[in-house]
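Residues per chain, in single letters:
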Amino acid sequence: MFKHYAEGLIAISMLLQAGCSSMPGERQSTPQQYAITATLQSEYLEAVTLMQSQQWLTAQQQLLPITTAHPELSGPWLNLGITYLQLGDSGAAEAAFNRALEANPGNIEACNQLGILARRAGRLEEARRYYEAALLHNPDYPDAHWNLGILHDRYLPNPQL
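The paragraphs below set out a description of the structure included in this document. Nothing here was measured: the structure is a model prediction, and the numbers come from that model.

1. So, the nonpolar core
Phe97 and Leu151 are the most contacted members of the largest nonpolar core, which totals 41 residues. Secondary structure elements with two or more residues in this core: helix H2 (38–52), helix H3 (56–69), helix H4 (74–86), helix H5 (90–103), helix H6 (108–120), helix H7 (124–137) and helix H8 (142–155). By residue number, the principal contributor to this core is H6, which donates seven residues. Setting aside residues no more than four positions away along its own chain, Phe97 makes contact with Leu78, Gly81, Ile82, Leu85, Ala110, Gln113, Leu114 and Leu117.

As structure tokens, this is what we get:
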């Protein structure tokens, strides 16, 4: 029983540092180590749970104080950006994803999300650079491969790539 609790705390710490709203281990990155308190872990887990149940506004309200108190953590910034996207504020989402990258330049999901936003805005070369940056940090990251393939197929006609 205690082993699972400890594994859960480690997993939440990784989510806070690296950032994602999915389960631990699904995303690869190289976060810096920070002291993560039990309270912070609990608050962050609650926000992730709210996101998983698509309670975007409530999740956003839960994440805002976390990003204010811990701007060095990439995960809360990434998830705050996702909530902004879901609520239709792409400008705030882009700012949050950029903050996630400032906190952890290896946050591949933030790179991918910024690539998607750039593509939607017609900034195609910028989108390509974001997807390629994600792949530099994790060459096996399927989302960046997928989005880069779509970019080359539909927007930057180069089907060989």
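2. With respect to the packing of H2 against H3
One can describe the packing of H2 onto H3 by two numbers: an axis separation of 8 Å at closest approach and a directional angle of 155°. Viewed along their axes, H2 and H3 adopt a mutual orientation that is roughly antiparallel. With respect to the hand of their crossing, H2 and H3 are arranged in left-handed fashion. Note on element contacts: H3 touches H2 through Trp56, Thr58, Ala59, Gln62, Leu63 and Ile66, opposite Leu40, Glu43, Tyr44, Glu46, Ala47, Leu50 and Met51. Among the residues forming the contact of H2 with H3, the class breakdown is nine nonpolar, two polar and two charged.

3. Observations concerning the environment of Gln54
Relative to the elements of secondary structure, Gln54 occurs in the loop between H2 and H3. Overall, Gln54 belongs to the exposed group, its relative accessible area being 59%. Through-space distance from the C-alpha of Gln54 to that of Gln86 is 8.7 Å; in sequence the pair is 32 residues apart.

4. What about the side chain of Arg119?
Here Arg119 is to be found in helix H6. Notably, Arg119 is buried but unbridged: the nearest opposite-charge side chain belongs to Asp153, and the N-O separation is 11 Å. Beyond its immediate sequence surroundings of up to four residues, Arg119 is in contact with Leu124, Ala127, Tyr131, Leu151 and Tyr155.

5. Comments concerning the pattern of salt bridges
One pass over the structure, following the stated rule, counts five salt bridges. Arg128 is the salt-bridge partner of Glu125, the closest N and O atoms lying 2.6 Å from each other. Placement of the pair is Glu125 and Arg128 together in helix H7, with a separation of three residues, close to one helical turn. Taking the relative accessible area as the measure of exposure, Glu125 reaches 38% and is therefore partly exposed. Of the charged contacts in the structure, one is a salt bridge between Glu132 and Arg128, with a shortest N-O distance of 2.7 Å. Residue Glu132 and its partner Arg128 are located together in helix H7, separated by four residues, close to a single helical turn. Linked by salt bridges that have partners in common, Glu94, Arg123 and Glu126 make up one network.

How each quantity is defined
- Numbering of residues starts from 1 in every chain and runs along the sequence as written.
- For a predicted model such as this one, the threshold for reporting local features is a pLDDT of at least 70, and the threshold for listing and counting side-chain atom pairs is 80 or more; totals across whole chains, interfaces and linings nevertheless cover every residue.
- Values reported for side chains reflect all heavy atoms of the structure, with hydrogen atoms and water molecules removed beforehand.
- For the purposes of this section, nonpolar cores are sets of buried Ala, Val, Leu, Ile, Met, Phe, Trp, Tyr and Cys residues that join through side-chain atoms within 4.5 Å.
- Each residue gets one of three labels from its accessible area relative to the maximum for its type: buried under 20%, exposed over 50%, partly exposed in between, using a 1.4 Å probe on protein chains only.
- Starting at the N terminus, helices and strands are each numbered in turn, a helix being any DSSP run of H or I of at least four residues and a strand any DSSP run of E of at least two.
- Contact criterion: two residues are considered in contact whenever any of their non-hydrogen atoms come within 4.5 Å of each other.
- Throughout, an axis means a line fitted to C-alpha atoms (over the contacting stretch in the case of helices), and angles, computed between N-to-C directions, take values from 0 to 180 degrees.
- Any angle between 65 and 115 degrees counts as roughly perpendicular, while under 35 counts as roughly parallel, over 145 as roughly antiparallel, and the rest as oblique.
- When the near helix sits turned anticlockwise from the far one by under a right angle, the crossing is termed left-handed; a clockwise turn instead gives a right-handed crossing.
- Only Asp, Glu, Lys and Arg are considered charged, only Ala, Val, Leu, Ile, Met, Phe, Trp, Tyr, Cys and Pro nonpolar, and every remaining residue, Gly among them, polar.
- Note that His is not counted, nor are the chain ends; the positive residues are Lys and Arg, and the negative ones are Asp and Glu.
- Whenever a carboxyl oxygen of Asp or Glu lies within 4 Å of a side-chain nitrogen of Lys or Arg, that contact is scored as a salt bridge.

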